[in-house]
Amino acid sequence: DAGITQSPRHKVTETGTPVTLRCHQTENHRYMYWYRQDPGHGLRLIHYSYGVKDTDKGEVSDGYSVSRSKTEDFLLTLESATSSQTSVYFCAISENGSNQPQHFGDGTRLSIL
Amino acid sequence: QKEVEQDPGPLSVPEGAIVSLNCTYSNSAFQYFMWYRQYSRKGPELLMYTYSSGNKEDGRFTAQVDKSSKYISLFIRDSQPSDSATYLCAMIHTGTASKLTFGTGTRLQVTL
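Note that the structure is predicted; figures quoted are calculated from it, not measured.

**Examining the interface of chain B and chain A**
The interface is formed by 23 residues belonging to chain B together with 26 residues belonging to chain A. If you look at where chain B meets chain A, you find 1 salt bridge. Across the salt bridge formed by Lys 42 of chain B and Asp 106 of chain A, the nearest N and O atoms sit 3.2 Å from each other. Applying the counting rule to chain B against chain A returns 5 residue pairs in polar contact (both at pLDDT 80 or more). Where the side of chain B that touches chain A is concerned, the elements lending two or more residues are strand S4 (30-38), strand S5 (45-50), strand S9 (85-93) and strand S10 (100-102) of chain B. The element that contributes the greatest number of residues to the side of chain B that touches chain A is S4 of chain B, accounting for 4 residues. In terms of residue class, the side of chain B that touches chain A is built from 11 nonpolar, 8 polar and 4 charged.

**Some details on the state of the cysteines**
Inspection of the entire model under this criterion finds 2 disulfides over all chains. Here Cys 23 of chain A engages in a disulfide with Cys 91 of chain A; their sulfurs sit 1.9 Å apart. Given an S-S torsion of about -70°, the disulfide between Cys 23 of chain A and Cys 91 of chain A has left-handed geometry. You can see Cys 23 of chain A sitting in strand S3 (residues 19-25) and its partner Cys 91 of chain A sitting in strand S9 (residues 87-94), a full 68 residues away along the chain. Cys 91 of chain A matches Cys 23 of chain A in its accessibility class, with the two residues each being buried. Between the sulfur atoms of Cys 23 of chain B and its disulfide partner Cys 89 of chain B the distance amounts to 2.0 Å. On the sign convention where negative is left-handed, the bridge of Cys 23 of chain B and Cys 89 of chain B, at about -100° about the S-S bond, is left-handed. Of the two residues, Cys 23 of chain B sits in strand S3 (residues 19-25) while Cys 89 of chain B sits in strand S9, which places them 66 residues apart along the sequence. Using a relative accessible area of 0% as the deciding quantity, one classes Cys 23 of chain B as buried.

Calculation notes
Residues numbered from 1 in each chain as written. Chains lettered and ligands numbered in written order. Predicted model: local features only at pLDDT ≥ 70, side-chain atom pairs only at ≥ 80, totals over all residues. Heavy atoms only, no water. Contact = heavy atoms within 4.5 Å. Salt bridge = Lys/Arg side-chain N within 4 Å of Asp/Glu carboxyl O. Polar contact = N/O pair within 3.5 Å; in protein donor to acceptor, adjacent residues only side chain to side chain. Helix = DSSP H or I, 4+ residues; strand = E, 2+ residues; numbered from the N terminus. Nonpolar A, V, L, I, M, F, W, Y, C, P; charged D, E, K, R; others polar. Disulfide = S-S within 2.5 Å. Buried < 20%, exposed > 50% of the residue type's maximum accessible area, 1.4 Å probe, protein only.

Right under this line is the structure:
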């Protein structure tokens, strides 16, 4: 298994509160990604990182921010959570950006009430 | 219209059957193709990764790519109950930082 740890694995919070999800990798891969998975939509890219302090938006980035201060850690923040952000969030890693496949963590189930 | 279309199923087959899972895509910029398996409450697990048109085999799994028809398939031979999962196809545009575009997944149930 790829060395990817997501925390927390489950979280329930209230609308309007800030939430931070963490992805930690032990593979020293350059690229890291955050996805959300929803019924009928599949996996959609939120943000990705191509190096320390280098990030870019995906297709569903509104309401989310990310940070990467170390190679091994990639944080996803919901500044003010909304019920539409209730989802399962997956982190993925890729060795480089040259069309390599991604490997996924086991996800964080986030419920916003 | 979605860039990648995948029948959501569910698909139910008896143990030992050959399973065929399919995806179609609309954008010829997709050049790299993957199949992932996802068990309930787990992350997607890479099964197959291929680039060229044709077949790639790995044990009981065969991935097939037809770029001229924009169609990819995954075949599972001698299906087992442990193959029961959701199967996701995924594709990469060349030069896009390996960003994946996924199908919505097909749920497969292999019954005894």
